[in-house]
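Residue-level listing of the chains:
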Amino acid sequence: MTTATATAVARPAARRRPSAAKGRVTVNVVMVAMILYFLLPFWWLLVASTKDNDALFTTAALWFRSPGSFFTNLQQLFTYSDGEYLRWMGNTAVYAGVSGVGATAVATCAGYAFAKYRFPGRNLLFSSLLGAIMVPATALAIPTYLLLSKVALTNTMWAVILPSLLNPFGVYLVRVYVQESLPDELLEAARVDGAGELRVLFSVALPTLKPALVTVLLFSMVGTWNNFFLPLVMLNNDKLFPLTVGLTSWYQGAMVQSGANALFSLVVVGSLVAVLPLIVAFLLLQRYWRGGLTVGSLK
């Protein structure tokens with residue numbers, strides 16, 4: 001190859017390098033902007049937790065006031081109104097735990113059945129399920145209230161737990177995972193060895209489905225933990241409130257009384273404490289969560 005030819009070949013590559021580097025810089029800038037966008041509210045929450053009620057409105061919004069005030073706010077949070085916050089946190093843990101486990105069990109059975117069994121109306125039912133994913137949960141709150149009021153379950157824990165057991169997206173996720181990761185030959189081999197359908201499900205299918213189950217469990221628990229409108233509609237006893245409704249009642253009380261009870265700082269610290277269990281759950285279960293989400297993306 002002559003020098004002129006080598007130079008001609010090298011020129012396009014040289015022209016491509018600046019554009020490729022420019023593209024990487026653009027991607028990095030966008031990623032940094034997105035990180036700041038998502039972390040800024042949490043940073044404000046952390047900073048505001050170090051301020052008392054007056055400092056929230058008189059100091060810099062994005063910088064600390066007095067780190068020692070954080071522990072004072074925590075003490076007031078856990079002791080205010082005879083430990084009302086701890087009761088709300090316990091309620092939220094019950095709602096999220098029972099609903100998460102129950103929704104995972106229902107989604108597992110339904111998704112496995114849709115993926116591995118043939119029965120009349122299967123496609124129609126699954127299409128209806130996909131349609132249910134598009135319906136906002138808030139649109140179903142009032143009909144659900146009317147339904148549960150007929151059986152005297154409103155203003156009870158079951159009014160929050162029972163509707164949360166239905167997770168159409170979880171059923172869809174389990175079905176996709178079963179189709180992609182659980183071959184029919186494996187199930188047939190277990191049946192030939194004399195295993196019944198329940199034995200096949202619990203001994204063969206469930207160990208393989210662990211990433212999908214953890215993913216559905218995490219989504220269901222987070223959804224119930226953050227649920228606001230459903231318990232707001234279903235409950236009127238403050239002893240049954242979850243954290244979302246309880247903290248809102250504190251905030252509304254502070255607004256009505258113009259902050260006379262200094263509840264704004266408690267609402268901020270309470271919101272921070274309410275977020276921490278979700279962060280821990282994501283950190284502990286993120287490897288299963290990623291595995292469950294990527295199943296079915298490649299053949």
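Residues numbered from 1 in each chain as written. Predicted model: local features only at pLDDT ≥ 70, side-chain atom pairs only at ≥ 80, totals over all residues. Heavy atoms only, no water.

Participant: Any chance you could explain the overall build of the chain here in plain terms?
Facilitator: Counting secondary structure elements, the chain contains 14 helices and zero strands. Its helices and strands in sequence order give the chain the pattern α-α-α-α-α-α-α-α-α-α-α-α-α-α, from N to C terminus. Relative to its 299 residues, the chain shows a buried fraction of 33%. (Helix = DSSP H or I, 4+ residues; strand = E, 2+ residues; numbered from the N terminus. Buried < 20%, exposed > 50% of the residue type's maximum accessible area, 1.4 Å probe, protein only.)

Participant: Please clarify how the nonpolar core should be interpreted in this entry.
Facilitator: It is characteristic of soluble globular proteins that their nonpolar side chains tend to be buried jointly. Counting 37 residues, the largest nonpolar core has Leu77, Tyr85, Leu235, Leu243, Trp250 and Val273 as the members making the most contacts within it. Mapped onto this core, the elements with two or more residues apiece are helix H1 (3–48), helix H3 (67–79), helix H4 (84–116), helix H7 (158–164), helix H11 (210–225), helix H12 (229–234), helix H13 (243–256) and helix H14 (264–294). Broken down by element, the residue count for this core peaks at nine residues, all from H14. Sequence-distant contacts of Leu77, defined by excluding residues within four places in its chain, comprise Tyr85, Trp250, Leu266, Val269, Gly270 and Val273. (Core = buried A, V, L, I, M, F, W, Y, C linked by side-chain atoms within 4.5 Å. Contact = heavy atoms within 4.5 Å.)

Participant: What's the story with the environment of Asn226 in this structure? I'm lost.
Facilitator: By the element assignment, Asn226 lies in the loop between H11 and H12. The class for Asn226 is partly exposed, based on a relative accessible area of 43%. Linking Asn226 and Ala274, residues 48 residues apart in sequence, is a C-alpha distance of 9.3 Å. Once you skip the residues sitting within four places of it in the chain, Asn226 turns out to touch Thr244 and Leu278.

Participant: Would you mind showing me how to read the packing of H4 against H11 here?
Facilitator: A pair of packed helices is captured by two measures, namely the crossing angle of their axes and the spacing between those axes. Between H4 and H11, whose axes approach to 8 Å, the crossing angle comes to 140°. Between H4 and H11, the angle is such that the two are oblique. Here H4 runs over H11; the crossing is right-handed. Contact residues: H4 offers Thr92, Ala93, Tyr95, Ala96, Ser99, Gly100, Val101, Ala103, Thr104, Ala107 and Thr108, while H11 offers Leu213, Val216, Leu217, Ser220, Met221, Thr224 and Trp225. (Axes fitted to C-alpha atoms, helices over the stretch in contact; angles between N-to-C directions. Parallel < 35°, antiparallel > 145°, perpendicular 65-115°, else oblique. Left-handed = near helix turned anticlockwise from the far one by under 90°.)

Participant: Whenever I open this one, the packing of helix H8 (residues 168–181) against H11 confuses me. Can you help?
Facilitator: Packing of H8 against H11 leaves a shortest axis separation of 10 Å and a crossing angle of 170°. Classed by the angle they form, the pair H8 and H11 counts as roughly antiparallel. Judged by residue contacts, Phe169, Gly170, Leu173, Val174 and Tyr177 of H8 engage Pro211, Ala212, Thr215, Val216 and Phe219 from H11. Each residue belonging to the contact of H8 with H11 can be placed in one class, and the counts come to eight nonpolar, two polar and no charged. (Nonpolar A, V, L, I, M, F, W, Y, C, P; charged D, E, K, R; others polar.)

Participant: How should I be thinking about the side chain of Thr50 in this particular structure?
Facilitator: Structurally, the position occupied by Thr50 is in the loop between H1 and helix H2 (55–58). Among the polar contacts made by the side chain of Thr50, one reaches the main-chain carbonyl oxygen of Val47 at a distance of 2.6 Å. Sequence-distant contacts of Thr50, defined by excluding residues within four places in its chain, comprise Phe64, Arg65, Ser66, Pro67, Ser69, Phe70 and Asn73. (Polar contact = N/O pair within 3.5 Å; in protein donor to acceptor, adjacent residues only side chain to side chain.)

Participant: What is the right way to read a nonpolar patch on the surface from this model?
Facilitator: Taken together, the side chains of Leu40, Phe42, Trp43, Trp44, Leu46, Leu62, Trp63, Phe64, Leu276, Ile279 and Leu283 make up a nonpolar region of the molecular surface, amounting to roughly 980 Å² of accessible area. Within the secondary structure layout, Trp63 lies in the loop between H2 and H3. Overall, Trp63 belongs to the exposed group, its relative accessible area being 54%. (Patch = residues over 30% accessible without salt bridge, like charges linked within 9 Å, V, L, I, M, F, W, Y side chains within 5 Å. Areas by Shrake-Rupley, 256 points an atom, 1.4 Å probe, with all protein chains shown as cover. Salt bridge = Lys/Arg side-chain N within 4 Å of Asp/Glu carboxyl O.)

Participant: Can you walk me through the pattern of salt bridges in this structure?
Facilitator: Oppositely charged side chains can form a pair if their charged atoms are brought close together. Counted by the stated rule, this structure contains three salt bridges. Note that Glu188 is salt-bridged to Arg191, the shortest N-O span being 3.1 Å. Taken as a pair, Glu188 and Arg191 lie in helix H9 (residues 184–192) at a separation of three residues, close to a single helical turn. Assessed through its relative accessible area of 42%, Glu188 is described here as partly exposed. A salt bridge links Arg191 to Glu197; the nearest nitrogen and oxygen atoms lie 2.7 Å apart.

Participant: Sorry if this is basic, but what is going on with the side chain of Thr224 here?
Facilitator: In this structure, Thr224 sits in helix H11. By relative accessible area, which is 9% here, Thr224 ends up buried. In terms of polar contacts, Thr224 uses its side chain to reach the backbone carbonyl oxygen of Ser220, at 3.0 Å. Those residues in contact with Thr224 that sit more than four places away from it in its chain are Tyr95, Ala96, Ser99 and Ser164.

Participant: Can you help me understand unusual backbone geometry in this one?
Facilitator: Peptide bonds are mostly trans, and most non-glycine residues show a negative phi. Backbone geometry at Asp82 places phi at a positive 60°, although glycine is not the residue there. Owing to a relative accessible area of 77%, Asp82 belongs among the exposed residues under this scheme. Phi at Asn155 takes a positive value of approximately 60°, unusual for a residue other than glycine. Looking at the element boundaries, Asn155 is found in the loop between helix H6 (141–150) and H7.

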